[in-house]
Amino acid sequence: MTGMTTPLAGYLLVAALLFAIGLAGALVRRNAILVLIGIELMLNAANLNLIAFWRYGPRPELLTGMMFAIFSIAVAAAEAAVGLGLVIAIHRHTNTTELDKINRLKG
Amino acid sequence: MNAVFYLLAVLTIGGGLAAVLLKHLVHCALATTVAFSGLALLYLQLDAQFAGFAQILVYIGAVAILIVFAILLTRGSDLPQDGVFSRSWSVGFVIAAGVFAVLAWAVMQSVRAVPQQTAVPAVTVHDIGNALVGRYVLPLEIVALLLTAATIGAVIVAMHENGRPK
């Protein structure tokens, strides 16, 4: 476990594991809301990478990674609002949020 | 690497795993909130106070509430009869495990090459504010426009058709 002694690698591994968990959630769950939760987990894993690189990279006073993460949080909030609005609209049309049963684009 | 980091990592990963694997949708939403809080604490551990509190405000305050609202509005609290995982669930787990293996391999390979700044960056909220209205003012304006468009779009998409309730 010599590689784990550097803090940056530890944070990157946690982010990679969280990304894989989010990807698994987006791929295997039936419910559309759970797929959105998986996407949110993946976005958060990317944010953790950005903050970790900001903290341990050179010239943190330029705030590049921090700004990326802050803008990413804002965009993710917008994405969550639109995504959940779409799920509610689809539920009103088809009376289900199971992705296997939503199999046509026509309303 | 101290004990606090391991504790927060376990909290975050455990919350994420529970969110993906639990049966009941409301429990999943609560587990997601746990994962979001773990991430916010990890940000604080990384000396990124502003991002940590933004994470708490936006994710625990807004996104988690939105998810709970969506679950309750779509009657997602009822358990589905034919299982919570899709038919091709094994393929999904294999793909996710493969992605993690590749990412972990890349991290372990490059761990010696990346720079390791150990000094705590002396960045205040004042500096972040200055950067937001200075160097990053155009992205800030675009995000403001995007948030406005997304708010209006979400309301229009979720609104009853022709403005009348069904």
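Calculation notes
Residues numbered from 1 in each chain as written. Chains lettered and ligands numbered in written order. Predicted model: local features only at pLDDT ≥ 70, side-chain atom pairs only at ≥ 80, totals over all residues. Heavy atoms only, no water. Axes fitted to C-alpha atoms, helices over the stretch in contact; angles between N-to-C directions. Helix = DSSP H or I, 4+ residues; strand = E, 2+ residues; numbered from the N terminus. Parallel < 35°, antiparallel > 145°, perpendicular 65-115°, else oblique. Contact = heavy atoms within 4.5 Å. Nonpolar A, V, L, I, M, F, W, Y, C, P; charged D, E, K, R; others polar. pLDDT = per-residue confidence, 0-100. Expected span 1.5 Å × (residues − 1). Buried < 20%, exposed > 50% of the residue type's maximum accessible area, 1.4 Å probe, protein only. Arc of directions from axis to C-beta. Domains from an automatic or database assignment. Patch = residues over 30% accessible without salt bridge, like charges linked within 9 Å, V, L, I, M, F, W, Y side chains within 5 Å. Areas by Shrake-Rupley, 256 points an atom, 1.4 Å probe, with all protein chains shown as cover. Salt bridge = Lys/Arg side-chain N within 4 Å of Asp/Glu carboxyl O.

### Points about the packing of helix α2 (residues 32–56) of chain A against helix α2 (residues 25–45) of chain B
Part 1 of the argument: Two numbers describe how α2 of chain A lies on α2 of chain B: the axes approach to 11 Å, and their chain directions differ by 5°. Here α2 of chain B runs roughly parallel to α2 of chain A, going by the angle between their axes. Residue-level inspection shows L34, I37, E40, L41, N44, N47, L48 and I51 of chain A of α2 of chain A in contact with α2 of chain B, the latter providing L25, C28, T32, A35, F36, L39, L42 and Y43 of chain B.
Part 2 of the argument: By residue class, the composition of the contact of α2 of chain A with α2 of chain B is twelve nonpolar, three polar and one charged.

### A closer look at the confidence of the model for chain B
Reading fine detail from the predicted coordinates is not recommended where pLDDT is low.
Part 1 of the argument: For chain B, per-residue confidence averages 88 on the pLDDT scale, and residues scoring 70 or more make up 93% of the total.
Part 2 of the argument: Overall fold confidence (pTM) sits at 0.90, and the ipTM for the predicted complex is 0.90.

### Concerning helix α4 (residues 89–109) of chain B
Part 1 of the argument: Its 21 residues give α4 of chain B an end-to-end C-alpha distance of 30 Å, which sits within 8% of 30 Å, the value for a rise of 1.5 Å per residue.
Part 2 of the argument: Taken as a whole, α4 of chain B has its buried residues at G92, A96, A104 and V107 of chain B. The arc enclosing the buried residues of α4 of chain B, seen along the axis, measures out at 95°, which places them on a common side. Among the exposed residues of α4 of chain B, those oriented more than 90 degrees off its buried face are V94, V102, W105 and Q109 of chain B.
Part 3 of the argument: Buried-residue contacts for α4 of chain B involve α1 (7–28) of chain A.

### Re the domain arrangement of chain B
Part 1 of the argument: As far as domains go, chain B holds domain 1 (1–79) and domain 2 (122–166).
Part 2 of the argument: For domain 1 of chain B and domain 2 of chain B, the distance between their C-alpha centres works out to 22 Å.

### What to know about a nonpolar patch on the surface
Part 1 of the argument: Together, I152, V155, I156 and M159 of chain B make up a nonpolar patch on the protein surface, roughly 380 Å² of accessible area in all.
Part 2 of the argument: Here M159 of chain B is to be found in the segment after α6 (137–158).

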